Amino acid sequence: MTFVSHARDFAGRPVVDVPAEGPLPSVDAPVSWRFDVWHYDGTDDEGLSEEFREAFDQFVAQAGPSVESLVVGSWGYAAFHPAPIAQLCAAAPRLPALRALFLGDITSEECEVSWMKVGDVSPLLEAYPALEVLRVRGGEDFGFSPVRHARLRELVVESGGLSRAFVAAVLDSDLPALTDLELWLGTPDYGGDADVAELAPLLAGERFPALRRLGLRNAEIADDLAEALSAAPVVRRLERLDLSLGTLGDRGAAALLAGQPLGHLAELDLHHHYLSVEMAEAAVAALPGVRVDLSDPREPDEDDGEYYRYTAVSE
């Protein structure tokens, strides 16, 4: 899987593109404005695209006080230009109504996720204390620092590989309102070296007391995660558990089904999996009251007699 299209909805609102020129289109209901400036001149420029900087300032001047939800797409050419985190933070006084932010709505045709220079995204939470939803996508130079935020209820981090340091910083954060956490753990080939040990405080239920929906997605260690979750205390208070987009196979699924009861879940998302037909049928039969998503079954690739499973997103 690659990111083949831009988000068409975000934070429960349709996404409407900010036009390159002219006034914003009139809308009849709340929307998520999508701001995007794709620019590549063939040079390795470490500075933020000037086209983005100027156009974003114009957008904020035009609509800032009314913007409640914002999607930021390309900010130049993401492999060369660092993300506009400093500019977004500086604009906070002019975006007083902002409650939802998606940074990095960039397709693979524009820039592979592993090439995206993002930086430390925690300053966004410090700059926007009223933010309720933060979704970020990135790979290269992708960081997080422990932070306290009283209002954030949804945090989604999409990557081909999250480092131990990144995961540890998220788990060291004080997020009392967080109900939804989604981490795309990825593969070691793209920096995803976090393992079950780094997630221990989360799995033990020691972090984020309001958490009700947990996604540990796009993980090469999906079987290990499923085994750990089979007895993890955090599962008892979840409404939704998501292990999709990874390399889950029969070992992990069998452990999950043989572990603690899962009948209290509203949904168990396992799509993009490597389960046998028999195991997939067993999972559905074992959880008759749960929506079990087993779509997009995969087959391992073979190379010289070796079989390989792949996460949905890596490079």
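Up top you'll find the structure we're talking about.
Presented here is an overview of the structure given in this document.

Conventions and cut-offs
Residues numbered from 1 in each chain as written. Predicted model: local features only at pLDDT ≥ 70, side-chain atom pairs only at ≥ 80, totals over all residues. Heavy atoms only, no water. Phe/Tyr/Trp six-rings, centres within 6.5 Å; stacked < 30°, edge-to-face > 60°. Helix = DSSP H or I, 4+ residues; strand = E, 2+ residues; numbered from the N terminus. Buried < 20%, exposed > 50% of the residue type's maximum accessible area, 1.4 Å probe, protein only. Salt bridge = Lys/Arg side-chain N within 4 Å of Asp/Glu carboxyl O. Contact = heavy atoms within 4.5 Å. Pairing = 2+ DSSP bridges. Core = buried A, V, L, I, M, F, W, Y, C linked by side-chain atoms within 4.5 Å. Right-handed = clockwise from strand over helix to strand, strands pointing away.

1. Overview of the packing of aromatic side chains
Part 1 of the reasoning: Here the structure, examined in full by the defined rule, presents nine aromatic pairs.
Part 2 of the reasoning: A centroid spacing of 5.9 Å and a plane angle of 25 degrees characterise the contact between Phe3 and Trp184, whose relative ring orientation is stacked. In this pair, Phe3 sits in the segment before β1 (9-10) while Trp184 sits in strand β10 (residues 180-186), placing the two residues 181 residues apart along the sequence.
Part 3 of the reasoning: An angle of 50 degrees between the planes, with centres 4.9 Å apart, marks the rings of Phe142 and Phe166 as tilted. A residue pair is termed long-range when its members are at least 10 positions apart, and Phe142 in strand β8 (residues 142-143) and Phe166 in helix α4 (residues 164-171) qualify at 24 residues. The same class applies to Phe142 and to Phe166, which are both buried.
Part 4 of the reasoning: Three or more aromatic residues joined by ring pairs form one cluster here, namely Phe35, Phe52, Phe56 and Phe59.

2. What to know about the pattern of salt bridges
Part 1 of the reasoning: Per the counting criterion, the structure on display carries 27 salt bridges.
Part 2 of the reasoning: Here Arg34 and Asp36 are joined by a salt bridge, their closest N and O atoms 3.3 Å apart.
Part 3 of the reasoning: Assessed through its relative accessible area of 5%, Arg34 is described here as buried.
Part 4 of the reasoning: Asp36 gets classed as partly exposed once you look at its relative accessible area, which sits at 26%.
Part 5 of the reasoning: A single salt-bridge network, built from bridges that share partners, covers Glu182, Arg217, Arg240, Asp242, Glu267, Asp269 and Arg291.

3. Description of the environment of Ala228
Part 1 of the reasoning: Assignment of secondary structure puts Ala228 in helix α6 (residues 222-229).
Part 2 of the reasoning: A sequence separation of 74 residues divides Ala228 from Glu154, and the C-alpha atoms of the two residues are 23 Å apart.
Part 3 of the reasoning: When residues no more than four places from it in sequence are discounted, the contact partners of Ala228 are Val196 and Leu203.

4. Considering the sheet that holds strand β2 (residues 13-17)
As a general point, the strands of a sheet are linked pairwise by backbone hydrogen bonds and lie either parallel or antiparallel.
Part 1 of the reasoning: Judged by pairing direction, the sheet is mixed, and its twelve strands sit side by side in the order β1-β2-β3-β4-β5-β7-β9-β10-β11-β12-β13-β14 without closing on themselves. Each edge of the open sheet is held by one strand with a lone partner, namely β1 and β14 (291-293).
Part 2 of the reasoning: Of the pairings in the sheet, the one linking strand β12 (residues 240-242) to strand β13 (residues 267-269) comprises three bridges and is parallel in character. Residue pairing in the sheet places Leu241 in a bridge with Leu268 of β13.

5. Quick look at the nonpolar core
Across soluble globular proteins, you tend to see nonpolar side chains buried next to one another.
Part 1 of the reasoning: Among the nonpolar cores identified, the biggest contains 96 residues, and Phe56, Phe59, Leu70, Trp75, Leu103, Leu181 and Leu216 are the most heavily contacted of them.
Part 2 of the reasoning: Ranked by size, the runner-up nonpolar core spans seven residues in total, among them Ala7, Phe10, Val71 and Val133.

6. Side note on α4
Part 1 of the reasoning: Three or more residues of α4 are buried, namely Phe166, Val167, Ala169, Val170 and Leu171.
Part 2 of the reasoning: Packed against the buried residues of α4 are β8, β9 (154-158), β10 and α5 (200-203).

7. Let's talk about the pairing of β10
Part 1 of the reasoning: With seven of seven residues buried, β10 is to be regarded as a mostly interior element.
Part 2 of the reasoning: Burial along β10 is two-sided: Asp180, Glu182, Trp184 and Gly186 facing one way and Leu181, Leu183 and Leu185 facing the other are all buried.
Part 3 of the reasoning: Note that β9 and β10 share four bridges and pair parallel. What sits directly across from Leu155, in β10, is Leu181.
Part 4 of the reasoning: Handedness of the crossover joining β9 and β10 through α4 is recorded here as right-handed.
Part 5 of the reasoning: When β10 meets strand β11 (residues 213-219), the two strands line up parallel, connected through six bridges. Directly across from Leu181, in β11, lies its bridge partner Leu214.

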